[in-house]
Amino acid sequence: MSTRTPLMAGNWKMNLNHLEAIAHTQKLAFALADKDYEAVEVAVLPPFTDLRSVQTLVEHDKLKIKYGAQDISAHDGGAYTGEISGPMLAKLKCTYVAVGHSERRQYHHETDEIVNAKVKAAFKHGLTPILCVGEELEVREAGNHVSHTLAQVEGGLKDVPAEQAATAVIAYEPVWAIGTGKVCGAEDAQEVCAAVRGKIAELYSQDVADKVRIQYGGSVKSGNVAEIMAQADIDGALVGGASLDADEFVKIVRFRDQ
Ligand SMILES: O=C(CO)COP(=O)(O)O
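If you're wondering where the values come from, they're calculated on a predicted model, not measured in any experiment.

1. Things to note about the site of the ligand
Item 1. Contacts to the ligand come from 13 residues, most closely from Lys13, His101, Gly179, Ser219 and Gly241.
Item 2. Within the side chain of asparagine 11, an N or O atom sits 3.0 Å from an oxygen atom of the ligand.
Item 3. In the environment of the ligand, an oxygen atom lies 2.9 Å from a nitrogen or oxygen atom belonging to the backbone of glycine 240.
Item 4. Notes on the ligand: free accessible area 310 Å², of which the protein chains cover 95%.
Item 5. Within the shell around the ligand, the residues separate by chemical class into 4 nonpolar, 7 polar and 2 charged.

Here you go:
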């Protein structure tokens, strides 16, 4: 039995303004009970413009919900118009930051080198990266999903020391399952997540591999989360669309009751 605490993180993507973010976080906090936080770590990843509001609410009401950003600059500061740095996110007391989400790889041309620099920037400023990896449909159809995903893991963690790697979160998100309603079968997800853990063991050690939390993401809903969470190497979910519905996200956090 793994000692890894499951992590259920809601990636809001480009949804909810700062007022909606407050209302949504309050709704989540109201519905979640201490026993939920004892069993599962719960996090939200709002847009940058919401983070200060979420921080203020979490601190003022002493909420147990963790929060983080959806991206981080590889740079610490300077002439990088539109970017948000690690020191800025650390100042907002973010716990997590998603790095290399497939939407950033696809629409912002983030390569494994850029993703690696962002992973390092996160660690440098005390943030835990959620390193997102996963294959496109053509890659899966060609049967290359495992090697493709492992190359992204290796690229993303290049030159990251073992002590840091052990605290990372890796999110396996097959691109074809994101926002499509096509959930990857639990056993297919487990196949890749087990291979990711094997890769971490090869790059570092079994001890590091046993510590790293691996999430599945892609059309996770209350109706399919239990089967996904029953897999040995899946330690949580990175939830997109369903995290925008507070009742649904609470049900996902309570996957054991499904
Ligand atoms: O990309 C995702 C989370 O990062 C998954 O999105 P959906 O849950 O909407 O498929």
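Now that the structure is up, let's keep going.
2. Structural notes on the UniProt feature "binding site: substrate" (unreviewed entry) in the chain
Item 1. UniProt feature "binding site: substrate" (unreviewed entry): in the numbering of this structure it lies at Asn11, Trp12, Lys13, Gly179, Ser219, Gly240 and Gly241. For this annotated set, covering 231 residues, all C-alpha atoms fall within 13.8 Å of each other, a compact arrangement in space.
Item 2. Here asparagine 11 lies in strand β1 (residues 7-11).
Item 3. The exposure class assigned to asparagine 11 is buried, which follows from its relative accessible area of 6%.
Item 4. When near neighbours in sequence (up to four residues on either side) are disregarded, asparagine 11 contacts Leu45, Gln70, His101, Leu238, Val239, Gly240 and Ser243.
Item 5. One polar contact links the side chain of asparagine 11 to the main-chain amide nitrogen of lysine 13, over a distance of 3.0 Å.
Item 6. Topologically, lysine 13 is positioned in the loop between β1 and α1 (18-31).
Item 7. Apart from the residues lying within four places of it in its own chain, the contact partners of lysine 13 are Leu45, Pro47, Gln70, His101, Glu103, Ile178 and Gly240.

3. Comments concerning the pattern of salt bridges
Item 1. Under the defined criterion, the tally for this structure stands at 21 salt bridges.
Item 2. Measuring nitrogen to oxygen at the nearest pair gives 2.4 Å for the salt bridge that ties aspartate 76 to lysine 124. Separated by 48 residues along the polypeptide, aspartate 76 in the loop between β3 (66-69) and α4 (86-91) and lysine 124 in helix α6 (residues 112-124) bring together distant segments of the chain.
Item 3. Classification of lysine 124 as exposed rests on a relative accessible area of 55%.
Item 4. For aspartate 235, the salt bridge goes to arginine 197, with nearest N and O atoms at 2.8 Å. Taken together, the residues aspartate 235 in the loop between α12 (222-229) and β8 (236-239) and arginine 197 in helix α10 (residues 186-203) connect sequence positions 38 residues apart.
Item 5. When its relative accessible area of 5% is taken as the criterion, aspartate 235 is described as buried.
Item 6. Accessibility expressed as a relative area gives 6% for arginine 197, which makes it buried.
Item 7. By sharing partners, the salt bridges in this structure join Arg4, Arg197, Asp233 and Asp235 into a single network.

What counts as what
Residues numbered from 1 in each chain as written. Predicted model: local features only at pLDDT ≥ 70, side-chain atom pairs only at ≥ 80, totals over all residues. Heavy atoms only, no water. Near = heavy atom within 4 Å. Polar contact = N/O pair within 3.5 Å; in protein donor to acceptor, adjacent residues only side chain to side chain. Areas by Shrake-Rupley, 256 points an atom, 1.4 Å probe, with all protein chains shown as cover. Nonpolar A, V, L, I, M, F, W, Y, C, P; charged D, E, K, R; others polar. UniProt positions renumbered as here; feature names shortened; annotations may be inferred. Helix = DSSP H or I, 4+ residues; strand = E, 2+ residues; numbered from the N terminus. Buried < 20%, exposed > 50% of the residue type's maximum accessible area, 1.4 Å probe, protein only. Contact = heavy atoms within 4.5 Å. Salt bridge = Lys/Arg side-chain N within 4 Å of Asp/Glu carboxyl O.

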